[in-house]
Amino acid sequence: MKLFKKLLLILLAAFIIAQFFGPEKNDGDLAINAFLNDTNPPQDVEAILKESCYDCHSNATRYPWYNNITPVNYWLADHVKHGKGHFNVSIWDDYSTKKKDHKLEELIEMVEEKEMPLNSYTWTHGEAKLTDAQIQSVINWAQAVRVKYGLEPKPE
């Protein structure tokens, strides 16, 4: 029993010390104007994107209180890093037209299959869970933007 208590104290001490360390936060500039101007989402879709997408797919995350707890903050940082790697509205101007089109194609697929937003996100952000009508609104908007990209002149 003494060994168990010592082990428990060591684990507790390690947990307390770990609270002084954490990953870098994704607290840059949201910078979505280029994305909004280029894709021109209707108000309802813009609200959906704000509630369900920007935290993981932009350079600015609204962190919940539990992000201050290690190791949860590392788990969240990893999710944000991967999310931004797949689709980042804050660097929309850096994407070519072909890449923008592909990103929207992926967005349609992920939303249609209900893979986005992630279940792990909607567990704690109930407002981010999309209804069937919201899913259809996002898909319709993204498809319309893809048509626009298809009509743009190709660089020679």
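Described below are features of the structure shown in this document. As the structure is a computational prediction, the values presented were derived from the model and not from experiment.

It is worth spelling out the overall build of the chain at this point. The helix and strand inventory of the chain stands at seven helices and zero strands. Reading the chain from its N terminus to its C terminus gives the helix and strand order α-α-α-α-α-α-α. Its C-alpha atoms give the chain a radius of gyration of 20 Å, clearly above 15 Å, the size a compact globule of 156 residues would have. For the C-alpha atoms alone, the extent of the chain along its principal axes is close to 75 × 35 × 20 Å. Expressed as a percentage of the 156 residues in the chain, the buried residues total 35%. Put simply, of all contacts in the chain between residues at least 6 apart along the chain, 76% involve residues at least 24 apart. As presented, the chain carries roughly 10400 Å² of accessible surface, and 60% of it is formed by carbon and sulfur atoms. Separation of charge centres in the chain, based on 17 positive and 22 negative side chains, amounts to 11 Å.

Inspection of the entire model under this criterion finds five aromatic pairs. With a centroid separation of 6.2 Å and an interplanar angle of 80°, the aromatic rings of Phe35 and Phe87 are classed as edge-to-face. Of this pair, Phe35 sits in helix H2 (residues 33-39) while Phe87 sits in the loop between helix H4 (72-86) and helix H5 (97-112), and the two are 52 residues apart along the sequence. Residue classification places Phe35 among the buried residues on the basis of a relative accessible area of 0%. Here Trp92 and Tyr95 contribute two aromatic rings whose centre-to-centre distance is 5.5 Å and whose plane-to-plane angle is 70°, an arrangement assigned as edge-to-face. The same class applies to Trp92 as to Tyr95, namely buried. What links up through ring pairs into an aromatic cluster is the set Phe35, Phe87, Trp92, Tyr95 and Trp141. Positioned above the aromatic ring of Tyr95 is the side chain of Lys103, whose terminal nitrogen or guanidinium carbon lies 5.8 Å from the ring centre.

Turning next to the pattern of salt bridges. Tallying each qualifying case throughout the model produces five salt bridges. For Asp55, the salt bridge is made with Arg62, and the minimal N-O distance between the two is 3.1 Å. Look at Asp55 and you get buried, because its relative accessible area is 4%. Among the salt bridges present, the one from Asp101 reaches Arg146, with a minimum N-O distance of 2.7 Å. Separated by 45 residues along the polypeptide, Asp101 in helix H5 and Arg146 in helix H7 (residues 132-151) bring together distant segments of the chain. Of the residues examined, Arg146 reaches a relative accessible area of 26% and is grouped as partly exposed.

Here we take up the environment of Pro41. Summarising the element assignment, Pro41 is placed in the loop between H2 and helix H3 (43-52). If we ignore the near neighbours within four places in the chain, the residues touching Pro41 are Leu36, Glu46, Leu49 and Trp141.

What counts and what doesn't
- Residues numbered from 1 in each chain as written.
- Predicted model: local features only at pLDDT ≥ 70, side-chain atom pairs only at ≥ 80, totals over all residues.
- Heavy atoms only, no water.
- Helix = DSSP H or I, 4+ residues; strand = E, 2+ residues; numbered from the N terminus.
- Rg over C-alpha atoms; globule rule 2.2 N^0.38 Å.
- Buried < 20%, exposed > 50% of the residue type's maximum accessible area, 1.4 Å probe, protein only.
- Contact = heavy atoms within 4.5 Å.
- Areas by Shrake-Rupley, 256 points an atom, 1.4 Å probe, with all protein chains shown as cover.
- Lys, Arg positive; Asp, Glu negative; His and termini not counted.
- Charge placed at Lys NZ, Arg CZ, Asp CG, Glu CD.
- Phe/Tyr/Trp six-rings, centres within 6.5 Å; stacked < 30°, edge-to-face > 60°.
- Lys NZ or Arg CZ within 6 Å of the ring centre and 35° of its normal.
- Salt bridge = Lys/Arg side-chain N within 4 Å of Asp/Glu carboxyl O.

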